[in-house]
Structures are given as structure tokens and as C-alpha cells.
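# A closer look at the structure
Letter by letter, the chains look like this.
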Amino acid sequence: MLQYGLQLKYAVSYFAVILLCLTFINVIPVIRYRDLLFESKCSTMQNQASLIASSLSSLYTLHSDEVQKVMELLDEERAARVIVTDEEARIVYDSVDGPSSRGRYVLFSEVILALEGKNVFSARLRDGVLTGKACVPVVTRGSTIGAVYLYEYDAELAALVT
């Protein structure tokens, strides 16, 4: 009787260790894959925002007509929304609302931080949609003259993560 009890304990322990190993083998790669997708989204959006900002940095001040011309040349349609603000956080270009939003203030925390000279990125996975926000300052002659804000949402990428 003692022999069977000891064998049962070894068998249960063996299966518990195998189950634990299989769990880690399946969970860790999924977490790492999700992290890589977030890093990829960050890098892509930061590069896109930096490209727009560097194109606008040749301007001394950001006026809506000049910014509109630069944005038409860049033809940036990958982001769901692109907003360019002046140094006072007023919209000079908005890819979604167009001219109707010009002159309005943008009080997104990302824009405020970018106007302080910081590059900002945030992403959120919620309700099956991955949303990403990136904002970079537009710098001319060492001073910040505005900010470029990008917003993207991606349900397909979110489906890969969940």
C-alpha cells in the first residue's frame, strides 16, 4: 500500500512539473510577442512623427497654409489622425477636421509634453483595438515652434495580440 502511495505522489508531481513547464512555454512567448508589437508600433509612429516634424522645422513659424503644403507633399495617410500645433498648442493642421479646427487649443497631455521638448508615445490595448499616440516637438534654431501629434487605431494588430 505504501508503495502505491509513493508512486502516486511521484506521478502527480511529475505531471504538475510538466503542466507548469507547458504553461510557461506557451505564456512567455505570447507576452514577448505582444511587447515586440508595442515596440514596433512605437518605433513606426515615432519615426513618422519625426519625419513630419523635421519637414516642418524648415519653417520659422507654423502657419496653416505652409503646413498644409508640407503635409500635401508628405502625403502621410498612414495615421488615422495627424495634428500639427503651434508653440501655444493651437491647431494649425488637422487631417480629420480640416480647417474647421484651426485655431482651437489642443490640451492633450502628449502635446503639452512635446511642447516642453519631449518625445512622447503611448499605446493601449482595449476592447480588441490597439490605439497608439505619438507626439514630437517641431524644433527650429533650437526652439520649439510646435508639435506633431499622431493617433492610430489598429484592430488587426490587436487581434494578433489577444
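Relevant structure appears above.
Since this is a predicted model, take the numbers as computed values, not measurements. (Residues numbered from 1 in each chain as written. Predicted model: local features only at pLDDT ≥ 70, side-chain atom pairs only at ≥ 80, totals over all residues. Heavy atoms only, no water.)

### Describing the pattern of salt bridges
Tallied over the entire structure, the rule returns seven salt bridges. Put simply, Lys41 and Glu152 hold a salt bridge, and the shortest N to O gap is 2.9 Å. Linking Lys41 in helix H1 (residues 2–56) with Glu152 in strand S5 (residues 143–154), this pair joins segments that are 111 residues apart in sequence. Pair check on accessibility: Lys41 and Glu152 agree, each one buried. A salt bridge links Arg90 to Glu88, with the shortest nitrogen-to-oxygen separation between them at 2.9 Å. With relative accessibility at 41%, the residue Glu88 sits in the partly exposed group. (Salt bridge = Lys/Arg side-chain N within 4 Å of Asp/Glu carboxyl O. Helix = DSSP H or I, 4+ residues; strand = E, 2+ residues; numbered from the N terminus. Buried < 20%, exposed > 50% of the residue type's maximum accessible area, 1.4 Å probe, protein only.)

### Some points on the nonpolar core
Where a protein is soluble and globular, its nonpolar side chains tend to be buried together. By size, the foremost hydrophobic cluster in this structure holds 20 residues, and its most contacted members are Leu56, Leu62, Val67, Val84 and Val148. Counting only elements with at least two residues in this core, the list comes to H1, helix H2 (64–74), strand S1 (81–86), strand S2 (91–94), strand S4 (129–140) and S5. Here the element with the most residues in this core is H1; it accounts for five residues. Excluding anything up to four places from it in sequence, Val67 contacts Leu56, Leu59, Leu62, Val84, Val92 and Tyr93. Ala89, Val106, Val120 and Ala147 belong to the second largest nonpolar core, which has 11 residues in total. (Core = buried A, V, L, I, M, F, W, Y, C linked by side-chain atoms within 4.5 Å. Contact = heavy atoms within 4.5 Å.)

### Some details on the pairing of strand S3 (residues 120–126)
For a regular strand, side chains alternate in direction, first toward one face of the sheet and then toward the other. The sheet contact formed by S3 and S4 spans seven bridges and is antiparallel. Across the sheet, the residue bridging to Ala123 is Gly132, located in S4. The loop that links S3 with its antiparallel partner S4 comprises two residues; one of these, Asp127, has a positive phi angle of about 55 degrees. (Pairing = 2+ DSSP bridges.)

### Some remarks on the packing of aromatic side chains
If you walk through the whole model with that rule in mind, you get three aromatic pairs. Between Tyr14 and Phe15, the aromatic rings sit 5.8 Å apart at their centres with planes inclined by 65 degrees, giving edge-to-face as the arrangement. Residue Tyr14 is classed as exposed on the basis of its relative accessible area, which comes to 52%. Plain terms: the ring middles of Phe108 and Tyr149 are 4.9 Å apart, the flat faces sit at 35 degrees to each other, and that makes the pair tilted. In this pair, Phe108 is assigned in the loop between S2 and helix H3 (109–115) and Tyr149 in strand S5, connecting sequence segments 41 residues apart. With relative accessibility at 34%, the residue Phe108 sits in the partly exposed group. (Phe/Tyr/Trp six-rings, centres within 6.5 Å; stacked < 30°, edge-to-face > 60°.)

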